[in-house]
Amino acid sequence: MTACACACAWADEAPIGVFDSGLGGLTVLERLLDVDQVNNATGLYGPDGVPDLSRERFVYLGDQANMPYGDYAAEGKSDYLRELVLKDAKFLLATNYYRTAEERTPSGCKPRAKIIVIACNTATAWGPDDVRKYLASIGDGTKVVGVIEAGVRATLDQVGAKADSAPFAVGVMATPGTIASGAYERTIRAELKARGVKADVRVIGQGCAGLADAIECGSPAADAIAKSNLVALVERHRASAPSVPIKAVILGCTHFPFVQDTLNRAVAELRAKGAPLAADFRFVDPAFYTAAECHRLLRETGRLSTSAKPDASLAFLSVADPSLPSECLTADGQLTRAFKYGRNTGSCAVTTKPVPFTRERFGDDVFRNVGRLLPRTASLLSR
C-alpha cells in the first residue's frame, strides 16, 4: 500500500498498532486500555488509578477472514502463515485502507502505527522474526511486542521460579499451531536457564483444536471444548508425573480468556478428584503483561503520547474479497476451507481485505459480546 496524502506525521502521537487473527486480540487491547503499573505524574513504579496508556490511541486489526491461524501449520502452510503475519504488520504500518470490500484500490486514510503489538499467540510463535527483519530493513526503530515472551516471564515470576525451586509443571493451552511451533516450551526453557533454575520443570502443551473458532463464532460448544482440553492436559500430566504439581496454566490464545469462568469451575472439579494442582495454582493471561511491556518500550524510547485528548482509535476486520470465483467462497461469503488453506506464498492476488469494524457491517451480537466482556474496548469502539 502506498502513503496517502491525508496521512498524519509519524510521531509520538501516532497510534499503537495491535493485530490478531480475529476478535480474540481485543482481550489484549482491553489490557492496553486498563494497565496501571506506573505513576503517570512521576514515572515511578506503582499504580496511580490512571491507566498508563490513557493518552494513547490505537489501531486494531483482526484478520478474521484468514482465521484460525492455528490450523495453517497442521495443513503444511506455516510459510503462508508467516506471510499473513507480515501482511498484518504492514497494514498497521501503512496509511490507507479499503473502505468497503468492493473497493478495488484502497481509498481510506489512517495513521501509521508507532509500535506493533502481536496479540496473537500463533502469530507470535511463527512470525515475529519476519516482522523484525522487515522493520530493520526500514530502519526507523519501530518495536515489536509479542504475547509469548511477556506471558512466559510473567508466569515464572508468579510461580516464584528461582535457582532452588522444587520440581513443578506449567501447562499451556493454545491452538494446535502454537503448540506445534514449540515456541512456548522454547521460551520457557530459555527463561528458566536465564534465571538459573535447575529443577525439573515439566511443560505440558495442549493443542485445543476448534476452541478459538468456537469462541469466535459464539458457539455454545466452546465451554465444553475448553473444559475437555483442560481435563486432558491435567490427566496427561497426572499419568506421567503425579507427584509434580502444576503451578500454572498459560492461556496461550487470546480467545481463551473468554471461557475463563468455565476453566475456573473445571479446576474446582479437578481438585475434588485429587488432580496434582498446586495450592496456589493460577491461570496466566499474557495480555496484561504484554500491555505492560508495550508501555515500558514506549517509555524507554520516548514514544509515549502527551496528548490530553487523543484522536479516535480505529479498528478493522478482514473480509473475503467478494470478487473471488464462487468456488472459493461459502454461501455466506467466507473463504472456503479448501481455498483458505490451499493458497501459496508469493502471490500478489488480493483474497482478503481489512475494512472498518463497524456495528452495521458485523452486527449487534458481536458488539454486545464485546461490551459484556471488554467494557473499555467496547467504549473505544463505539466512539
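Residues numbered from 1 in each chain as written. Predicted model: local features only at pLDDT ≥ 70, side-chain atom pairs only at ≥ 80, totals over all residues. Heavy atoms only, no water.

A. Representation of the overall build of the protein within the structure. Along the protein, the regular secondary structure elements total 15 helices and 12 strands. Taking 2.2 N^0.38 as the reference for a compact globule, 383 residues should give roughly 21 Å; the C-alpha atoms of the protein span a radius of gyration of 21 Å, in line with that estimate. Once the C-alpha set of the protein is aligned to its principal axes, its extents read approximately 65 × 55 × 40 Å. Within the protein, the fraction of its 383 residues that count as buried is 54%. Looking at the protein alone, contacts between residues at least 24 apart form 77% of all its contacts between residues at least 6 apart. For the protein, the accessible surface area stands at approximately 16,300 Å², while carbon and sulfur atoms represent 52% of it. Here the protein carries 45 positive and 43 negative side-chain charges, and the mean point of each set is 3 Å from the other. (Helix = DSSP H or I, 4+ residues; strand = E, 2+ residues; numbered from the N terminus. Rg over C-alpha atoms; globule rule 2.2 N^0.38 Å. Buried < 20%, exposed > 50% of the residue type's maximum accessible area, 1.4 Å probe, protein only. Contact = heavy atoms within 4.5 Å. Areas by Shrake-Rupley, 256 points an atom, 1.4 Å probe, with all protein chains shown as cover. Lys, Arg positive; Asp, Glu negative; His and termini not counted. Charge placed at Lys NZ, Arg CZ, Asp CG, Glu CD.)

B. Expanded view of the layout of surface pockets. Computed from the structure, the largest pocket encloses a volume of approximately 1,100 Å³. As for the largest pocket, its lining consists of 46 residues, and the residues nearest its centre are L23, I215, E216, C217 and G218. At the level of secondary structure, the elements contributing two or more residues to the lining of the largest pocket comprise α1 (26-34), α8 (211-216), α9 (222-240), α10 (260-272), β11 (314-320) and α14 (364-373). Counting residues per element, the lining of the largest pocket draws most heavily on α14, at six residues. (1 Å grid on protein atoms, 1.4 Å probe; cavity = no way out; pocket = protein on both sides within 12 Å on 5 of 7 lines; lining within 4 Å. Points joined across faces, edges and corners; volume = space filled by probe spheres on them.)

C. Main features of the packing of aromatic side chains. Throughout the structure, instances matching the rule amount to seven aromatic pairs. An angle of 75 degrees between the planes, with centres 6.1 Å apart, marks the rings of Y69 and Y72 as edge-to-face. Residue classification places Y72 among the buried residues on the basis of a relative accessible area of 0%. Relative to Y289, the ring of F288 has its centre 5.2 Å away and its plane inclined at 85 degrees; by these criteria the two rings are edge-to-face. The class for F288 is partly exposed, based on a relative accessible area of 26%. Sitting over the face of the ring of Y98, K353 holds its NZ or CZ atom 4.9 Å from the ring centroid. (Phe/Tyr/Trp six-rings, centres within 6.5 Å; stacked < 30°, edge-to-face > 60°. Lys NZ or Arg CZ within 6 Å of the ring centre and 35° of its normal.)

D. Just the pattern of salt bridges, in detail. For the coordinates displayed, the defined rule picks out 20 salt bridges. Salt-bridge contacts for D34 lead to R31; the nearest nitrogen and oxygen are separated by 2.5 Å. On the criterion of helical spacing, the pair formed by D34 and R31 is a turn pair, its members being three residues apart in helix α1. Judged by its relative accessible area of 22%, D34 falls in the partly exposed class. Across the salt bridge formed by R202 and D200, the nearest N and O atoms sit 3.1 Å from each other. Among the residues examined, R202 registers a relative accessible area of 31% and is labelled partly exposed. Residue classification places D200 among the partly exposed positions, given a relative accessible area of 38%. Here the residues in one salt-bridge network are R153, E293, R296 and E300, joined through shared partners. (Salt bridge = Lys/Arg side-chain N within 4 Å of Asp/Glu carboxyl O.)

E. Up close: the sheet that holds β11. Spatially, six strands are ordered β6-β5-β1-β2-β11-β12 in an open sheet, and the strand pairing comes out mixed. In this open sheet, the two strands that pair with only one neighbour each are β6 (143-146) and β12 (352-356). Shown here is a sheet whose adjacent strand axes are inclined to one another by a mean of 20 degrees, direction ignored. As defined by bridge partners, strand β2 (residues 58-62) adjoins β11 across four bridges and the pair is classed as parallel. (Pairing = 2+ DSSP bridges. Axes fitted to C-alpha atoms, helices over the stretch in contact; angles between N-to-C directions.)

F. Quick look at α1. Counting buried residues along α1, seven of its nine residues qualify, which places the element largely inside the surrounding structure. Every buried residue of α1 is listed here: L26, T27, V28, L29, E30, L32 and L33.

G. Looking closely at unusual backbone geometry. For the bond from M67 to P68, the omega torsion is 0 degrees, close enough to zero to count as cis. One can find P68 in the loop between β2 and α2 (78-93).

H. Expanded view of the nonpolar core. In this structure, I16, F19, L32 and F357 are the most contacted members of the largest nonpolar core, which totals 84 residues. When residues in this core are grouped by element, the largest group, eight residues, is from α2. Setting aside residues up to four positions removed in sequence, I16 forms contacts with L53, E56, R57, F58, V59, K114, I115, V117, C294 and L298. (Core = buried A, V, L, I, M, F, W, Y, C linked by side-chain atoms within 4.5 Å.)

I. Structural view of the environment of D71. Of note, D71 is situated in the loop between β2 and α2. C-alpha of D71 to C-alpha of S107: the two residues are 36 residues apart in sequence and 32 Å apart in space. For D71, the contacting residues outside a window of four places in its chain are R337 and Y341.

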